[in-house]
Each structure stands twice: as structure tokens, then as C-alpha cells.
Amino acid sequence: MTTTEANKYKVFIPTAGLGTRMGNIGLKFNKSLATVTTKPVISHIVEKFKDDIEIVVALGHNGDYVKDFLELGYPEKKFTFVKIDPFCGPGSGLGLTMLQCKDHLQAPFIFCSNDTLTSSQIKPPDRNWMAYDEVHDNISYRSIRRNEEGKVLKIFEKNEIEYSLAYVGLAGIHDFKLFWKFMEDGKDFGSISSGECYALSKMLNHTNIESEKIDWFDTGQPKGLALAKKYYSKSSDPKILQKDDEAIWFVKDRVIKFSTDKKFISDRVERAKILEGYTPPMIESRENMYCYRKVNGRVLSSCINKKLSQNFFDWMSEFWKVELEKPPKITDFKVACTSFYKDKSISRVQKFLSRYSFADTPHNINGEVVPRLDDLLSQIDWDWICNSEPTNFHGDFHFENILLSETGSFVLLDWRQNFGGYKNFGDKYYDLAKLLHGMIVSHDMVSKDMFDIQIDDDVVKFEIHRKYTLVECEKQFKRFCLKSGLEYKKILVITALIFLNIAALHHDPYSKFLFYLGKYRLHEALQK
């Protein structure tokens, strides 16, 4: 095959399966969208190939998520999407998925599993080859036997563990006509369930298949995904806490926000129009994700200092003064605040207690006797907390979501979709409390597991490392609030409520840390 002919090959990525090994990621997303550092697994795969190479993607479970992401993230690439039916249940299988894509793969092609990541170069299918890596425990993978020249002699099934050369789900198929003949002929003999390995095994008796050693991460299971994240991570990566139903991905000059909640996305898109000039330019949106232009700069958490923080505090004061059309009546806004602060807090606390089957009891937290949370919540003057003036707002206002651009301007990221149902208006005290919460608990410290929580019956001890700059910034923040005539105690109470609210949304043990931090700080704030 000439160099020109080699460039005509295609790539096939099956993403139709359920991804049952991946728990919530496979169930709520699609395992090809599992995040490795700043982007999904499938991003790392498609970026291995030049833009003029056609990539055929088989869609099934949450296929629209995969399609929308690839179209938003890579408008310059050539994708062909094929919806597989059925993609699960009786009659389904990798072989069926491949055969339904057969018409689009009438050329030499590369087969790549949607959970196979490699730092190695992927060679074109100018010959038949299978990629392998050496593993210690081979019971979970097919394996190959090869001779001294590197020719594949036999392919073993997963339960045949004689060899440690694991086939990694990556193969170059040059003799595509022979491959498809065996796939078609084998529909009643195992090709549907065995997939590409059925035809590759048959091809061994008719043509050569070479073996290619690569470095491999199996991101289709939690341990392999964790190893890939560690390998690909960089100190400059944004510090983003993962959630079960949301993600933020960075693809070249684009940022893509994903959520399983369609209303969440539509409200975010609408709010971006309201916040135009304060947020990055929106490019496009789909039902479950939107895409905006990446702004070059640094998040404030990485560069904040005394002078910059003062400039930012002055800037945010002007941000809240922006006049918006048709503000709600104070009485109506107070109802929204009551729902947002009181009702939601009580609901989230119950969600947390139910999650861990905890009883609401008094605790000794860091040496302080703290009453039952129900008693603490009943001490709050909710009329005082909820009596606020509607203003412009961000809604998730902390230093990880605020960018200092290269031009020196402040840019707001990852804005909240609404406040108590209002898209145009919110409570500046919530923004202030979110800002304080981020100074106390920074994403950077959490991502490095630099916090600790110990629970022994009703005795709780917790601690978290804090950056000196953020400790100093908190002092400056307090002085700014008092000088501006803001009620600092209200900020402290709402900050404690924020910790309690988000505790139910995060992973263990971070969720428990947030809960007891919130309970401790609420008790402390109410004593002031």
C-alpha cells in the first residue's frame, strides 16, 4: 500500500454498549464520555487521527450524548454516525454493531474500542495488526500468542490465561473484504457475540496478522480509568470536582458543559444571554450540552493576591449594580429566597442523612459541643435571611469560576441556571457566601485529598489545608463587606448552609467532611 492509499483508511469506534463495569458513568453518561483530566476518553482517541480521516461511530446507549459532543467539539473532523438497533438485550452484541456499520467500512480500517487509551502512536492499517500490552492479571482480557517475528499465532478467550499478552481492543484491518466475509459467515457461529476477534481468529489461517506492542489504559473499568487520569493529568489542569450528572470538558479552543438535565442546559443558555459581556461567547448548544469559546487567562484561585482581590471586590460591586428589566416584587422574591434557602436546605440535609442512614444527633465537632442540626436550623431567623433585594447574580461565585483574562478583565464561568426559579435576578448574599465558601474549601485542596474527616460515634474531627493567600483574602473580604455595609453574619450563615446543601451531592468522604463542616460553622455563626 502506498502512502497515499494508506491515508484513505477509516477508523471505527463502537460506543453502543451499556458500559456496565463503570457504574454511574456508564449508566448516566456513556463510558466513552468518562473524563480523563480535561476531556472525555473518546477525545483522546479521535485526536490520534488527522482531520481528513473518516471516523465511523456506532451509537446506542445515550448515543445522542456522544454524537452531540463530537459535533460540538470537533466540527473540523469527518464523522459518520450509525444508530445500532438493538444495542442491548437479546440479539445484540459487538458483532451486530459492526455488521450494521459494514457499509461504511468498505476500506482498510482501524478498530478501536471506546475505552482503549494509548500514549503510543497508532499505525495505519497498511497491513493487518493487533495491539497488545503485557499485563499481570489476564483473566479479564483476550490474549494472543505470537512468534519471534511478531506474527500472531492464536487468539485466546478471556478465561484462557496461559499468556500475559493482552489484546487491547485495537486492531488494524487491511484485508477488510476477508474480515467482513468471516463476520457475515459467522453470524450463527459466534461473530455476533465475539465481535472483531471472531473474524481476526479466522483470518489467521488465510493471511498474516502482526502484533504491535503499545502502552495501554483500560478506561472501561474504574482502576484503569484512575490510572489514565493520573498519567494524563497536568498541574495546569483546571480543578473541577466531578459530579454524577454533570461535566465540563475542554477541547482545543472550546469549553463544553454537559448535564443529563435538559432544562438545566436550556436555562444556562438563556442566562448566558443575560450575562453577555461577563461570560465567554456562546458558540452553540444542544439539548444536553452547550459550547462556548475558551478565554485565555488564569482562574483567580491560581493568581489571587492582595491588590488583585481588592480590584475584584470593587468589580463585583459594580456587577451587582447592573440594572435589569422588570425586577420582581420584594414579597415575591422573598418567597423565592425562602424556597431556595430554607426549603432546599432542609431537603438536602434529609437527603444526606438518608444516604448514610445517619440520625440527627448532637456531636462533639473539633472539641465543640454542637446541637442537633434540626435545632440549629430552627434557630435561624429565616425572615432575616430571606429578606434580600433582587440583583444581578452569578450563582456559583468562587475563584475557580472567575477568570482573569490576558487583557486584565474578569470573566465569569459556570454560572448558575437560576435562583429560586428566577433567571434574571438573584441574591448577592448568595454570591458573597459562595465566594467565602471557596476561600475556606478550595477545589485545589480537595482534588489533592488534602482534607481529613474522622467520625467516632458522636465525636467528629475534621481539618483541611488552606492556601495562605486565601486565608489572607478572607480577612480582606471581611473588611470589604463590613466597609460596604453588608451583614457579615448573614454571609456566614448562608456559607454554612451552602456546605450543608452540597454535602449530599459529592463523593464519600468529601460529602461527610462538608456536612460536618457546615454543621460546625452554622453553630459558630449563630453564636456571633
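Scope of this entry: the structure provided in the associated data block.

About the thresholds
Residues numbered from 1 in each chain as written. Predicted model: local features only at pLDDT ≥ 70, side-chain atom pairs only at ≥ 80, totals over all residues. Heavy atoms only, no water. Helix = DSSP H or I, 4+ residues; strand = E, 2+ residues; numbered from the N terminus. Contact = heavy atoms within 4.5 Å. Areas by Shrake-Rupley, 256 points an atom, 1.4 Å probe, with all protein chains shown as cover. Lys, Arg positive; Asp, Glu negative; His and termini not counted. Charge placed at Lys NZ, Arg CZ, Asp CG, Glu CD. Phe/Tyr/Trp six-rings, centres within 6.5 Å; stacked < 30°, edge-to-face > 60°. Buried < 20%, exposed > 50% of the residue type's maximum accessible area, 1.4 Å probe, protein only. Axes fitted to C-alpha atoms, helices over the stretch in contact; angles between N-to-C directions. Left-handed = near helix turned anticlockwise from the far one by under 90°. Nonpolar A, V, L, I, M, F, W, Y, C, P; charged D, E, K, R; others polar. Core = buried A, V, L, I, M, F, W, Y, C linked by side-chain atoms within 4.5 Å. Pairing = 2+ DSSP bridges. Arc of directions from axis to C-beta.

1. With respect to the overall build of the protein
When helices and strands are counted, the protein shows 20 helices and 26 strands. Across its three principal directions, the C-alpha atoms of the protein cover 85 × 50 × 40 Å. Within the protein, residue pairs in contact and separated by at least 24 positions form 75% of the contacts whose partners lie at least 6 positions apart. A total accessible area of about 24,000 Å² is found for the protein, and carbon and sulfur atoms account for 47% of it. Side-chain charges of the protein comprise 74 positive and 72 negative groups, with the mean position of each set lying 2 Å from the other.

2. Let's talk about unusual backbone geometry
In this structure, Pro86 follows Asp85 across a cis peptide bond, with omega equal to -5°. Each neighbour pair has its own omega, and for Asp508 with Pro509 the value is 10°, a cis peptide bond. Counting through the fold element by element, Pro509 comes out in the loop between α19 (488-503) and α20 (510-527). For Lys252, which is not a glycine, the phi torsion comes out positive at approximately 55°. Within the secondary structure layout, Lys252 lies in the loop between β14 (246-251) and β15 (254-259). The backbone phi angle of Asp457 is positive, close to 55°, even though this residue is not glycine. Mapped onto the fold, Asp457 is located in the loop between β25 (451-456) and β26 (459-464).

3. Describing the packing of aromatic side chains
Going through the model one piece at a time under the given rule, you end up with 50 aromatic pairs. Ring centres of Phe69 and Trp249 lie 5.1 Å apart, and the angle between their planes is 75°; this geometry places the pair in the edge-to-face category. Here Trp249 lies in strand β14 and Phe69 lies in helix α4 (residues 63-73), a separation of 180 residues in the sequence. In this structure, Phe69 and Trp249 share a single accessibility class: buried.

4. Regarding the packing of helix α12 (residues 306-320) against helix α18 (residues 468-483)
Where α12 meets α18, the axes come as close as 10 Å, and the angle between the chain directions of the two elements is 40°. When the axes of α12 and α18 are compared, the crossing they make is right-handed. In contact with Lys306, Ser309, Gln310, Phe313, Asp314, Met316 and Ser317 of α12, α18 contributes Cys473, Gln476, Phe477 and Phe480. When grouped by side-chain class, the residues that make up the contact of α12 with α18 number 5 nonpolar, 4 polar and 2 charged.

5. Some thoughts on the nonpolar core
By size, the foremost hydrophobic cluster in this structure holds 94 residues, and its most contacted members are Phe312, Met316 and Phe477. A total of 12 residues in this core trace back to one element, the largest contributor, which is α19. With residues near it in sequence (within four places) discarded, Phe312 still touches Leu300, Phe397, Phe399, Ile402, Phe410 and Leu435. Grouped together as the second largest cluster of nonpolar side chains are 47 residues, Ile45, Leu59, Phe217 and Tyr232 included.

6. Regarding the environment of Ala503
Counting through the fold element by element, Ala503 comes out in helix α19. Once the C-alpha coordinates of Ala503 and Phe513 are considered, the two residues, 10 residues apart in sequence, prove to be 7.8 Å apart. Once you skip the residues sitting within four places of it in the chain, Ala503 turns out to touch Phe352, Arg355, Ser511, Leu514 and Phe515.

7. Let's talk about the sheet that holds β15
Pairing is antiparallel in the open sheet, where 4 strands are placed in the order β14-β15-β17-β16. Only two strands of the sheet have a single partner each, and these edge strands are β14 and β16 (282-286). Along the sheet, successive strands turn relative to each other by an average axial angle of 15°, direction set aside. Helix α10 (residues 262-274) contacts β14, β15, β16 and β17 (289-293) of the sheet and is inclined by roughly 140° relative to β15.

8. Comments concerning helix α6 (residues 176-185)
Of the residues making up α6, those classed as buried are Phe176, Phe179, Trp180, Phe182 and Met183. Looking straight down α6, one finds its buried side chains confined to an arc of 160°; they lie on one side. The inward-facing, buried residues of α6 contact α5 (94-100), β6 (109-112), β11 (165-173), α7 (191-194) and α8 (196-203).

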